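Tertiary structure, described
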Amino acid sequence: MLFKQLFDTKSSTYTYIVSSGKGREALIIDPVIDNTDEYISVLKNLDLKLVKVIDTHIHADHISGLNELSKRTKCSKIMGEQSSSEVIDIHVKDNEKIKIENIELISIYTPGHTDCSYSFLMNDRVFTGDTLLINGTGRTDFQGGNPYDAYNSLFKKLLKLPEKTLVYPAHDYSSKKYSTIENEKNNNPRLQVSSPEEYAEIMANLKLEDPKMMAIAISANKKGFTLD
Ligand SMILES: [Fe+2]
């Protein structure tokens, strides 16, 4: 399997390129528009045919590369059915299969950070978007976020995956590349709570500033931004 984890330094976003091998079909998760040329060159160097691109949710901190990649490669754009993006080709529901050559992902509806947030399970690993971060979890104070939904997504869905499942989030701010469900269950400070109310209390007291690009990014990601 080909598995590339690319990092956007400006927004600390991780983007994933997945394929079963050189010369085969590929899929990209959570691309950042500024890095489109880099993705295209990785695809070219490995002779990959990009057929699908997924955004785990409507991002508020960067402009997605989903629409630009689709414009350049004709790949299909995928998000969850709750997404308010106007440019999506395939809307998935909870527990649907997304297939490319020799690879299958399963969608898991994990609202809470936003009401359109999905995670995607691929065999031994799960792409968690901003729902579950390494040593953290996504904020729940805008874009239809809800700490009780987030609690359910975390405790009733993601943490129920096998403990050895590798966790690949959409961001990390301290250079950690991946984790495991077991590690997050035992060590993530946000997950050491005993009730949804306790989780909601933590989330209500984070006092975070809005992301710098929020106004621009959300509207661009809903309309489907391209570079020209
Ligand atoms: Fe996010």
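Below, the structure is looked at part by part. (Residues numbered from 1 in each chain as written. Predicted model: local features only at pLDDT ≥ 70, side-chain atom pairs only at ≥ 80, totals over all residues. Heavy atoms only, no water.)

Before going further, it helps to examine the sheet that holds strand E3 (residues 25–29). Within the open sheet, the 6 strands sit side by side as E1-E2-E3-E4-E5-E6. Their pairing is mixed. On the outer flanks of this sheet lie strand E1 (2–8) and strand E6 (90–92), each paired with one strand and no other. Shown here is a sheet whose adjacent strand axes are inclined to one another by a mean of 20 degrees, direction ignored. Here strand E2 (residues 13–19) pairs with E3 via 4 bridges, running antiparallel. Pairing of Ile17 across the sheet is with Ile28, part of E3. On top of the sheet, helix H1 (residues 36–45) reaches E1, E2, E3 and strand E4 (49–54); it is set at about 20 degrees to E2, its chief contact. On top of the sheet, helix H2 (residues 66–73) reaches E3, E4 and strand E5 (76–80); it is set at about 155 degrees to E4, its chief contact. (Pairing = 2+ DSSP bridges. Helix = DSSP H or I, 4+ residues; strand = E, 2+ residues; numbered from the N terminus. Axes fitted to C-alpha atoms, helices over the stretch in contact; angles between N-to-C directions. Contact = heavy atoms within 4.5 Å.)

This part covers helix H5 (residues 196–204). Among all positions of H5, only Tyr199, Ala200 and Met203 are buried. Angular distribution of buried residues about the axis of H5 spans 100 degrees; they occupy a single face of the element. (Buried < 20%, exposed > 50% of the residue type's maximum accessible area, 1.4 Å probe, protein only. Arc of directions from axis to C-beta.)

This next bit is on the pairing of strand E7 (residues 97–100). Side chains Ile98 and Ile100 project from E7 onto a buried face, and the interleaved Lys97 and Lys99 project onto a face without burial. Alignment of E7 against strand E8 (residues 103–109), held across 4 bridges, turns out to be antiparallel. Residue pairing in the sheet places Ile98 in a bridge with Leu105 of E8. Linkage of E7 to E8, two consecutive antiparallel strands, is achieved through a turn of 2 residues, within which Asn102 is found at a positive phi near 65 degrees.

This paragraph deals with the coordination of the iron ion. Around the iron ion, the protein contributes the donor atoms His57 (NE2), His113 (NE2) and Asp130 (OD), which lie 2.0 to 2.3 Å from the metal centre. Taken in chain order, the donor set of the iron ion reads H-x55-H-x16-D. Of this pair, His57 sits in the loop between E4 and H2 while Asp130 sits in the loop between strand E10 (125–129) and strand E11 (132–133); the two residues are 73 residues apart in sequence, bridging distant segments of the chain. Across this residue pair, the class does not change: His57 and Asp130 are buried. (Donors = N, O, S within 2.8 Å, 3.2 Å for Na, K, Ca; no water.)

Time to look at the sheet that holds strand E13 (residues 166–169). A sheet is described by the order of its strands in space; here 6 strands give the open sequence E7-E8-E9-E10-E13-E14, paired in mixed fashion. Of all the strands in the sheet, the pair left with one neighbour each is E7 and strand E14 (179–180).

So, about helix H6 (residues 214–223). At 3.6 residues per turn, the α-helix brings residues three or four places apart onto the same side. Considered for burial, the residues of H6 that qualify are Met214, Ala217, Ile218, Ala220 and Asn221. A positive phi of about 85 degrees marks Gly224, the residue just after H6.

With 24 residues, the main nonpolar core has Ile17, Ile28, Tyr39, Leu43, Leu50 and Leu69 as its most contacted residues. Where this core is concerned, the elements lending two or more residues are E3, H1, E4, H2 and H6. At 3 residues, the largest contribution of residues to this core is made by H1. Those residues in contact with Leu43 that lie beyond four places of it in its chain are Ile17, Ala26, Ile28, Leu48 and Leu50. The next biggest cluster of nonpolar side chains, apart from the first, holds 20 residues, and it includes Tyr14, Val18, Ile78 and Phe127. (Core = buried A, V, L, I, M, F, W, Y, C linked by side-chain atoms within 4.5 Å.)

Looking now at the pairing of E3. Summarising burial for E3: 4 of the 5 residues are buried, a large majority. Hairpin connection from E2 to E3: 5 residues lie between these consecutive antiparallel strands, with Gly23 at a positive phi of about 80 degrees. One ladder, built from 5 bridges, connects E3 with E4; its direction is parallel. Considered in E4, the bridge of Ala26 is made with Leu50. Read from E3 through H1 to E4, the crossover connection turns out right-handed. (Right-handed = clockwise from strand over helix to strand, strands pointing away.)

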